[in-house]
Amino acid sequence: QVLNGHSHWIHSVAVFPAGDKVITGSEDGTAIVWDVDSGRQLQVLNGHSELPVTSVAVFPAGDKAITGSSDKTSIIWNLE
C-alpha cells in the first residue's frame with residue numbers, strides 16, 4: 001500500500017494500537033492519519049507553523065496523537 005499525500009519528505013511514522021491506521025509526520029508541516037486497508041487520508045493535522053513535523057506518536061487508546069515539530073512545539077490532537 002502506497003500512501004500519497006505529503007508534499008515533502010516524511011520524517012516519522014507510527015502505527016495505531018489496533019493496527020488499522022497509521023500516522024505520518026512530514027517536512028511539509030503536516031501529519032496525516034491514514035486508513036491502512038484503503039490508503040485513504042482520514043485526517044490532516046495542521047498547526048505547526050509550516051515547519052517540519054519531526055515526530056509522531058499515538059496514545060494507547062488510539063483517540064489522540066502527539067506531534068513534535070521544528071517550530072519547538074508539541075501538539076496533542078484529538079482524533080476523529
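Use the structure listed above.
Remember, predicted model here, so these are calculated numbers, not experimental data.

The rules we used
- Residues numbered from 1 in each chain as written.
- Predicted model: local features only at pLDDT ≥ 70, side-chain atom pairs only at ≥ 80, totals over all residues.
- Heavy atoms only, no water.
- Phe/Tyr/Trp six-rings, centres within 6.5 Å; stacked < 30°, edge-to-face > 60°.
- Lys NZ or Arg CZ within 6 Å of the ring centre and 35° of its normal.
- Pairing = 2+ DSSP bridges.
- Helix = DSSP H or I, 4+ residues; strand = E, 2+ residues; numbered from the N terminus.
- Axes fitted to C-alpha atoms, helices over the stretch in contact; angles between N-to-C directions.

Colleague: I keep staring at the packing of aromatic side chains and nothing clicks. Help me out?
Modeller: The way to describe two aromatic rings as a pair is by their centre distance and the angle between their planes. Summed over the entire model, instances satisfying the criterion amount to zero aromatic pairs. Note that Lys21 overlies the ring of Phe16, its terminal NZ or CZ placed 4.9 Å from the centroid.

Colleague: Mind showing me how you'd approach the sheet that holds strand E6 (residues 64-69) here?
Modeller: Pairing between the strands of a sheet is mediated by backbone hydrogen bonds and can be parallel or antiparallel. The three strands are arranged E5-E6-E7 in an open sheet whose pairing can be described as antiparallel. The open sheet has two edge strands with one neighbour each: strand E5 (53-58) and strand E7 (74-78). Averaged over all pairs of adjacent strands, the angle between their axes in this sheet comes to 20°, without regard to strand direction.

Colleague: Quick question: what am I supposed to make of the pairing of E5 here?
Modeller: The side chains of a regular strand alternate between the sheet's two faces. Direction of pairing for E5 relative to E6: antiparallel, over a ladder of five bridges. Following the sheet pairing, Val58 is matched in E6 by Ala65. Where E5 folds back on E6, the antiparallel hairpin that results is connected by five residues, among which Gly62 adopts a positive phi of roughly 80°.

Colleague: How do you make sense of the sheet that holds strand E2 (residues 21-26) when you look at a structure like this?
Modeller: The strand order across the open sheet formed by four strands is E1-E2-E3-E4, and the pairing between neighbours is antiparallel. Two strands lie at the open edges of the sheet, namely strand E1 (10-15) and strand E4 (41-46), each paired on one side alone. When the angles between neighbouring strand axes are averaged without regard to direction, this sheet yields 15°. Direction of pairing for E1 relative to E2: antiparallel, over a ladder of five bridges. For Ala14, the partnering residue across the bridge sits in E2 and is Ile23.

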